[in-house]
Amino acid sequence: MANEGLGYVILQANGNLDTPMLFAGLLIMSLLGVVLFVLVELLEYFVLPWHASRRTDAATTSL
């Protein structure tokens, strides 16, 4: 079992009924997820410009 990190803080806050700390950890984890999602989207935009999701006619094209 881990003794450090964000998951550990959330589990400890849950065990100690420390609701503000629990929600702070969840908020940080959510923000981290959003930031990582945006980074992957940007990376995909620059590395895969030919991908179907980047085409202007992608919505009208069917398989």
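Rules and cut-offs
Residues numbered from 1 in each chain as written. Predicted model: local features only at pLDDT ≥ 70, side-chain atom pairs only at ≥ 80, totals over all residues. Heavy atoms only, no water. Axes fitted to C-alpha atoms, helices over the stretch in contact; angles between N-to-C directions. Helix = DSSP H or I, 4+ residues; strand = E, 2+ residues; numbered from the N terminus. Parallel < 35°, antiparallel > 145°, perpendicular 65-115°, else oblique. Left-handed = near helix turned anticlockwise from the far one by under 90°. Contact = heavy atoms within 4.5 Å. Phe/Tyr/Trp six-rings, centres within 6.5 Å; stacked < 30°, edge-to-face > 60°. Patch = residues over 30% accessible without salt bridge, like charges linked within 9 Å, V, L, I, M, F, W, Y side chains within 5 Å. Areas by Shrake-Rupley, 256 points an atom, 1.4 Å probe, with all protein chains shown as cover. Salt bridge = Lys/Arg side-chain N within 4 Å of Asp/Glu carboxyl O.

*Asks:* For this particular structure, what's the right way to read the packing of helix 1 (residues 6-15) against helix 2 (residues 19-47)?
*Replies:* Two numbers describe a pair of packed helices, the interaxial angle and the distance between the axes. At their nearest, the axes of helix 1 and helix 2 sit 8 Å apart, and the two run at 155° to each other. On the basis of the axis angle, helix 1 is roughly antiparallel to helix 2. Seen from above, helix 1 lies across helix 2 with left-handed handedness. Two secondary-structure elements touch here, helix 1 through Leu-6, Val-9, Ile-10, Ala-13 and Asn-14 and helix 2 through Met-21, Leu-22, Gly-25, Leu-26, Ile-28 and Met-29.

*Asks:* Sorry if this is basic, but what is going on with the packing of aromatic side chains here?
*Replies:* The description of two aromatic rings rests on the distance between their centres and on the angle between their planes. One pass over the structure, following the stated rule, counts 1 aromatic pair. Ring geometry for Tyr-45 against Phe-46: centres 5.1 Å apart, planes inclined by 80°, an arrangement best described as edge-to-face.

*Asks:* Explain a nonpolar patch on the surface here, please?
*Replies:* On the surface, Leu-32, Val-34, Val-35, Leu-36, Phe-37, Val-38, Leu-39, Leu-42, Leu-43, Tyr-45, Phe-46 and Val-47 cluster together into a nonpolar patch covering about 1,200 Å² of accessible area. Mapped onto the secondary structure, Leu-39 falls in helix 2.

Purely spatial values, then, with no claim about function.
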